[in-house]
Amino acid sequence: MAATLLEVRALGKRFAQRQDRDKGREPAPWVIKDLSFSVRDGEFLTIVGPSGAGKSTLLNIIAQIDIASAGEIVFDGATVSTRDPRALRPGIDRRIGYVTQDDNLLPWRSTLDNVLFALEVQGRLDAQARARAEMLIRTVGLAGFERYYPHELSGGMRKRTALIRTLVYDPPMILMDEPFAAVDAQTRTQLQADLLTLWELGRKTIIFVTHDITEAIALGDRALVLSKQPSRIAAEHVIPIPRPRNVKDIFALPGFAAIHERIRADVQ
Amino acid sequence: MSVSAISPTRSPAIRWRTHIDRALVLLLILALWQAGSLWVGTYWLSSPWATTTRFVELVLNGELIRHSGYTLAEAGAGTLIGGFPAVLLPFLLRRHPIIVAILDPFMVGGYGAPKLAFAPLFLLWFGIGMESKIALTASVVFFIVYFATLAGVRALDPRLVQMAQIAGASERQIARHIVMPSAVPNIFAGFRIAVPYAIGAAVIAELISSNRGLGYLVQTGAMNFDTTSVFAAIVAATLLVHAANALMNAFEALLMRWRPPLQSMMET
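All figures in this text were calculated on a predicted structure; none of them were measured in a lab. (Residues numbered from 1 in each chain as written. Chains lettered and ligands numbered in written order. Predicted model: local features only at pLDDT ≥ 70, side-chain atom pairs only at ≥ 80, totals over all residues.)

So, the overall build of chain A
When its secondary structure is counted, chain A shows seven helices and ten strands. Its C-alpha atoms give chain A a radius of gyration of 19 Å, near enough to 18 Å, the size a compact globule of 268 residues would have. Along the three orthogonal principal directions, the C-alpha set of chain A runs to about 60 × 50 × 40 Å. Counting every position in chain A, which comprises 268 residues, the buried fraction comes to 41%. (Helix = DSSP H or I, 4+ residues; strand = E, 2+ residues; numbered from the N terminus. Rg over C-alpha atoms; globule rule 2.2 N^0.38 Å. Buried ≥ 20, exposed ≤ 12 C-beta atoms within 10 Å, placed from the backbone.)

See below:
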């Protein structure tokens, strides 16, 4: 069994109380409380939870762009500072990539230049890096669109660009926050298949957050179910479907119905 | 916005139609002008035809070109001298919101103050030559561009900054690759408003006291009860504004190809 890459221990999050005259000094409610889990190196972990379960907040804390209120995080053997906003290290030295819900492409950069952005600021823009970018662009079917600006691309193409923009610089762990939520069902299936193809190339450690149970089963090695607020881990399921998987026919595979039913029962 | 990039681009038919309608509006203005001059007499209000002949005459003998050149040089120098610090300042103060807050009432005061009333002071300080006109123009341009740039820097999408941080970008790289490009549309909007004001300010400063420039031409025309020359100079100033605006449009189209063509879609 591979080593643990990330461990989240008793994590808690409450947002600062609004200055509300009527409520007085009532403490802010916990969005996340006592949340613990760990991810193995090379594992594809999916996290399912209802809307407003604090899924994005959890990923923001792991990505170090938001602070936690309690608990600790151990990444790659070292404890990471999570409480002090000034001590945050977004993407901890480029080892944690983050594909957000919105594609957050730079509108003034073409597809290719968006994909190359991280390599450029990291000073790693050599021939080898360019070749890798071109390979990824071809793999997800964006060849021919290298010079297009984001506003000239479809929603699915923008998602693909956002995805390979993170994959291209090869961070050992990638967080994904419902990256395919805003596209139509057919495009989503295609994007999921693309993601699995790309994942098979490198086997990164992925934490993929979604509210779609089918997506969680289709992609993950293991699925965690979050409770409603305050969020905790309500259940854990190992996905028994062997790889490589055909995302399009995932419904028909043996074991799918049973695991889907079990997860659905756990999602409140 | 006083002057804009309104250009119908949807189809050739609409484009032609717009050109024809514009010509009709121009004809209407000329007809009203002609009627007015017939009504009150050419002594008080010169006719369009007389203005046109004088305009051509002044172009041919080089007078109009020479005076326009002075006005344009003053407006151009003032735009650069006022515009450069106005763009730079909000970037330098980006990480110092307290200084921005301290400066704010003074900037608002500078923006709102009737700067043309300062023209006599500038004449006193910088003399009757071009320097006083440049000073007035710069003071007009500075405040307009400062507030436009400030709005651009503030309109920055924090998610793009977070994305860049996670990718490993330094503060300097973020300023250059994220903050600067995202403020460009606002900076342009500022200059688009400021440039016609700059030409107007130069002309008015010349009106008060000068020995050259379009304002001087207006002034000498008025002193000699020569309304034809006054109108010829005003027409020249208007054409300068149009030329400057066309230049801005071309520059903007070149620099902001990445923007979705939303404007033209809404206009036609």
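A short note on the interface of chain A and chain B
Contacts between chain A and chain B engage 18 residues on the former and 15 residues on the latter. Broken down by element, the residue count for the side of chain A that touches chain B peaks at three residues, all from helix α2 (residues 111–121) of chain A. Looking at the side of chain A that touches chain B, its residues break down into eleven nonpolar, five polar and two charged. (Contact = placed C-beta atoms within 7 Å. Nonpolar A, V, L, I, M, F, W, Y, C, P; charged D, E, K, R; others polar.)

What about the sheet that holds strand β5 (residues 78–80) of chain A?
Residues and elements named next belong to chain A. Spatially, the four strands line up as an open sheet ordered β2-β1-β4-β5, and their pairing is antiparallel. Strand pairing shows two members of the sheet lacking a second neighbour, β2 (32–40) and β5, which therefore form its edges. Across this sheet, the average inter-strand angle for adjacent strands is 20°, counted without regard to direction. Sheet topology places strand β1 (residues 4–13) next to strand β4 (residues 70–75); five bridges connect them, and they run antiparallel. Looking across to β4, one finds that Leu 6 is bridged to Phe 75. Taken strand by strand, helix α1 (residues 55–62) contacts β1, β2 and β4, and its axis lies near 120° from that of β1. (Pairing = 2+ DSSP bridges. Axes fitted to C-alpha atoms, helices over the stretch in contact; angles between N-to-C directions.)

Focus: the environment of His 242 of chain B
Turning to its location among the elements, His 242 of chain B is positioned in helix α10 (residues 227–255). The sequence separation of His 242 of chain B and Pro 196 of chain B amounts to 46 residues, and the corresponding C-alpha distance is 8.6 Å.

Details of the sheet that holds strand β3 (residues 44–48) of chain A
Residue and element names in this part refer to chain A. One open sheet holds the six strands; their spatial order is β6-β7-β8-β3-β9-β10, and the pairing between them is mixed. In this open sheet, the two strands that pair with only one neighbour each are β6 (96–99) and β10 (233–238). On average, adjacent strands in this sheet sit at an angle of 15° to one another, irrespective of strand direction. Pairing of strand β7 (residues 173–177) with strand β8 (residues 205–210), which is carried by five bridges, proceeds in the parallel orientation. Paired with Met 173 across the strands is Thr 205, a residue of β8. Here helix α4 (residues 155–167) sits on the sheet in contact with β6 and β7, set at roughly 175° to β6.

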